[in-house]
Amino acid sequence: MGGLVLRTSARLILIFIISGIVITFLLSWIIEFYKYQNRLVSVQDIENLIQDVIRVVENVYPYDKRLKVAQEIKDEYEKVRYSLKRKLLPIEVFKVVQPLACIVKDQNLRFLTPVEPVYSVLPFTVTVIDGRAIITGSAVESIKAGDELLKVNERPVFELIKALLPYTCGENLHVREQQLGQLFQLIPEILDKKKHSVGIFYRQKDYNITIKTSAGEEKNVTVKTLTAMSYPRESSQYPALRNRYPFDFVREGDIGVFKFGTFSLSGTTYNSYREFLVNTIVQNRDLKYVLVDLRGVASKDFNIFKEFFEHFIDKKISVERYISIINTAYNMNVLEKYGVDFTKTTDKLLKIRFEHVFEPREPIVKADIWVLFDRYTSNAALDFVYTFKKLYNAHTIGEPTLMKINHTTELNSRYDDKSSLVMTFPSAVISEEGIFDKILEPDYKIEISTQHRIDYLRGKSDYMYTKALEIIKDNMGK
C-alpha cells in the first residue's frame, strides 16, 4: 500500500513538473507572439508613411523640381501598392519605402536603416570602397579587421552590392556606397529572410564566408549569425579598425595638423572641444603653418569650423552666402533662423542672403593655414572649405568632393512610431550663383587609388596626408 502511494505521488510530481515546463514554454511563446504582433505594420500604416514622404517632398524639399519628383514617387508606388497584402515587419517596410525615397537622389532624404535587438546580423562589419568590402570590425576569431570580404554563401561582393544598392540614396554610386556597411551586416534580414517565425530561443544560422586576409591569403570560414543586441558585446573582444577621433592634433615640425572627425557640439562635447582648441593653441603659439584635415568629415554644425578658424584671424571677416527655402509653415523655424518672418504659406521657393561672420577669438595664432579634404567631405565641412577658398587663394589640397557645393542642408528627422522608421529630410539648399551642379575642387589635386584608400582605412599608410605635407613644404616661404 505504501509503495502504491509513493508511486502515485511520484507520478503526480512528474506530471506537475512536466505541466510547469509546458506552461512556462507556452507562456513564453505567447509573450513572444504578442511582441511579434506588436512589431507588425499594417498596410494602411505603410500607405500613410508613403503619403508622408510625398508630402515632405511636395511641401519641404527645397527645389523647383519637387512636384515632378513627388509625382514620380506616386507613380512608382502605384506599381507596388497592390502587392502589399499583409502586415510587414519594420525591415520589410524599409525595403518598400526606401527605394521610393531614393527616387529623389539625395543622400539627405532617406530612411535610416532600422535595427532591432532581435535582428540576425553577420558577425562582422564592413566599409565599401570602390566596390571592395573591407572588414572594419569582427566578433569572431576567424575573421580579422582589415580582411577583405569576397563572398557570402558563394555570392560575390559585386552581386551583394547590386542587391543592396536599391536601399541606399544619393546622387551617385560613391555616395551610396557609404551607406552599404550596415546593410551588409543585415544581409540575413534584408536578403535571406524568407518567412516570418516566432520562437522562444534565438536560432543561429551558418554562413560560409570567403575572405582575403591582409597578407593576401584567400580562405573560407563558416560563421554563425548573432543578434543585433549581442554583436557589440561579442565584437568588443576583438580588435577593430580605428575610427578617427572627433578632434586631434599632431605636429610635423613647423606644421601643426588639426584632424577632425564627424561630431556635433552637444552636451559635454562642446566644452571638451573648446578646451582642446585653447590648450593646443596655447602650447603651439610658434606654429608657422597649420593643416586642417577634414577628410571624411560629414559634420552638420558649421560652428565647429567657425570657432576653430576664429583663432587664426586678427580682424572681423564676413562671407556672403545664399540659401533657398520654401515659404511654408513646415519651415517656420528654419525661416526664422535666416531672418524671415513667416506670415502665411505661399509655397514659393525663397532665395535668402546670409553671412558667415568670423570674429577674432583668443588665443590667436598667426599661421599660414591650409585645408585638406577628400571626396567624402560633406555638409558643413564642405561649406567651410568653400568659404575658406573665398578667403585664401591656392591653400586647399585633396580631391573633388562627391557632394555638390549647392547641397541640401538644415536636416530634419521624423520618427514614424508605427513602422519604427526614421526619415531624414532637408529643408534648405545652399544656392550659390552659377555653380548649380558644380562640386568642390581643390587648388592642389592629389590622385589617389583604391588601394591607397584601403591602406588608409586599414591604418597601414596615409598617401594623401604625406602628399599634402609635401605640397605645404614646397610652398613654404612663397
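The preceding data block contains the structure.
Remember, predicted model here, so these are calculated numbers, not experimental data.

This part is about the overall build of the protein chain. What the protein chain contains, in helices and strands, is 15 helices and 19 strands. Viewed in the frame of its principal axes, the protein chain has a C-alpha envelope of about 110 × 60 × 40 Å. Here the protein chain holds 478 residues, and 49% of them are scored as buried. At a minimum sequence separation of 6, the contacts of the protein chain that also span at least 24 residues come to 73%. Carbon and sulfur atoms make up 53% of the accessible area of the protein chain, which amounts to about 23,900 Å² in all.

Within the largest apolar cluster, 65 residues are counted, with the highest numbers of intra-cluster contacts made by Phe111, Ile143, Leu149, Phe184 and Ile209. If we skip the residues at most four places from it in the chain, isoleucine 143 touches Phe124, Ile135, Ser138, Ile209, Ile211, Val221 and Val223. The next biggest cluster of nonpolar side chains, apart from the first, holds 41 residues, and it includes Val319, Phe358, Ile369 and Ile435.

Attention shifts here to the side chain of asparagine 327. Tracing the chain through its elements places asparagine 327 in the loop between strand S13 (317-326) and helix H12 (332-337). Assessed through its relative accessible area of 10%, asparagine 327 is described here as buried. A polar contact of 3.2 Å, which involves the side chain of asparagine 327, links it to the backbone oxygen of lysine 344. Sequence-distant contacts of asparagine 327, defined by excluding residues within four places in its chain, comprise Leu335, Phe342, Lys344, Thr345, Thr346, Asp347, Lys348 and Leu350.

This brings us to the state of the cysteines. Joining two cysteines, a disulfide is a covalent bond between their sulfur atoms. This structure, assessed with the given rule, holds 1 disulfide. In this model cysteine 102 forms its disulfide with cysteine 169; the gap between the sulfur atoms is 2.2 Å. Its torsion about the S-S bond being -75°, the disulfide of cysteine 102 and cysteine 169 is classed as left-handed. Placement of the pair is cysteine 102 in the loop between helix H4 (90-101) and strand S1 (110-111) and cysteine 169 in the loop between helix H5 (157-164) and helix H6 (173-177), with a sequence separation of 67 residues.

Turning next to the pattern of salt bridges. This structure, assessed with the given rule, holds 34 salt bridges. Here arginine 453 ties to aspartate 130 by a salt bridge, and the two come within 3.9 Å at their closest N and O atoms. One end of the pair, arginine 453, is in helix H14 (residues 450-458); the other, aspartate 130, is in the loop between strand S3 (124-129) and strand S4 (132-138), and 323 residues separate them in sequence. The structure contains a network of salt bridges with shared partners spanning Asp130, Arg375, Glu399 and Arg453.

Below, the discussion takes up the packing of helix H2 (residues 43-59) against helix H3 (residues 66-80). In contact at an axis separation of 8 Å, H2 and H3 are set at 160° when each is read in the N-to-C sense. Judged by the angle between their axes, H2 and H3 are roughly antiparallel. H3 is crossed by H2, and the crossing has right-handed handedness. On H3, the residues touching Glu47, Ile50, Val53, Ile54, Val57 and Glu58 of H2 are Arg66, Leu67, Val69, Ala70, Ile73, Lys74 and Tyr77. Across the contact of H2 with H3, the residue classes break down as 9 nonpolar, no polar and 4 charged.

Turning our eyes to something else, we now look at unusual backbone geometry. Most peptide bonds are trans, and most residues other than glycine sit at a negative phi. Cis geometry is found at the peptide bond from glutamate 362 to proline 363, where omega equals -10°. Summarising the element assignment, proline 363 is placed in the loop between strand S14 (349-358) and strand S15 (368-373). Within the chain, asparagine 153 stands out as a residue other than glycine whose phi angle is a positive 50°. Along the chain, the position of asparagine 153 falls in the loop between strand S5 (148-152) and strand S6 (155-156). Asparagine 153 gets classed as partly exposed once you look at its relative accessible area, which sits at 28%.

Glancing now at H5. Those residues of H5 lying buried are Val157, Leu160, Ile161 and Leu164. For H5, the angular spread of buried residues about the axis comes to 100°, placing them on one side. Opposite the buried face of H5, by more than 90 degrees, sit the exposed residues Phe158 and Lys162. Where the residues of H5 are buried, they touch S3, S4, S5, S6, helix H7 (180-185) and helix H8 (187-190).

Turning our attention to the side chain of aspartate 293. Tracing the backbone through its elements, the reader meets aspartate 293 in strand S12 (residues 289-293). The exposure class assigned to aspartate 293 is buried, which follows from its relative accessible area of 0%. In this structure aspartate 293 touches Arg244, Val257, Phe258, Lys259, Phe260, Leu372 and Tyr465, once residues within four positions along its chain are discounted.

Mapped onto the secondary structure, isoleucine 134 falls in strand S4. Here the alpha-carbon distance between isoleucine 134 and leucine 49, two residues 85 residues apart in the chain, equals 35 Å. Isoleucine 134 has contacts with Thr125, Val126, Thr127, Gly146, Asp147, Glu148, Leu241, Ile454, Leu457 and Arg458, leaving out every residue within four places of it along the chain.

Next up on the list: the packing of H2 against H4. Here H2 crosses H4 at 25°, and the two axes come no closer than 11 Å. Considering the angle they form, H2 stands roughly parallel to H4. Here H2 and H4 pass one another in a crossing that is right-handed. For the pair formed by H2 and H4, the contact residues are Ile46, Leu49 and Ile50 on the first element and Val93, Val96, Val97 and Leu100 on the second. For the contact of H2 with H4, a count of residues per class yields 7 nonpolar, no polar and no charged.

Rules used throughout
Residues numbered from 1 in each chain as written. Predicted model: local features only at pLDDT ≥ 70, side-chain atom pairs only at ≥ 80, totals over all residues. Heavy atoms only, no water. Helix = DSSP H or I, 4+ residues; strand = E, 2+ residues; numbered from the N terminus. Buried < 20%, exposed > 50% of the residue type's maximum accessible area, 1.4 Å probe, protein only. Contact = heavy atoms within 4.5 Å. Areas by Shrake-Rupley, 256 points an atom, 1.4 Å probe, with all protein chains shown as cover. Core = buried A, V, L, I, M, F, W, Y, C linked by side-chain atoms within 4.5 Å. Polar contact = N/O pair within 3.5 Å; in protein donor to acceptor, adjacent residues only side chain to side chain. Disulfide = S-S within 2.5 Å. Salt bridge = Lys/Arg side-chain N within 4 Å of Asp/Glu carboxyl O. Axes fitted to C-alpha atoms, helices over the stretch in contact; angles between N-to-C directions. Parallel < 35°, antiparallel > 145°, perpendicular 65-115°, else oblique. Left-handed = near helix turned anticlockwise from the far one by under 90°. Nonpolar A, V, L, I, M, F, W, Y, C, P; charged D, E, K, R; others polar. Arc of directions from axis to C-beta.

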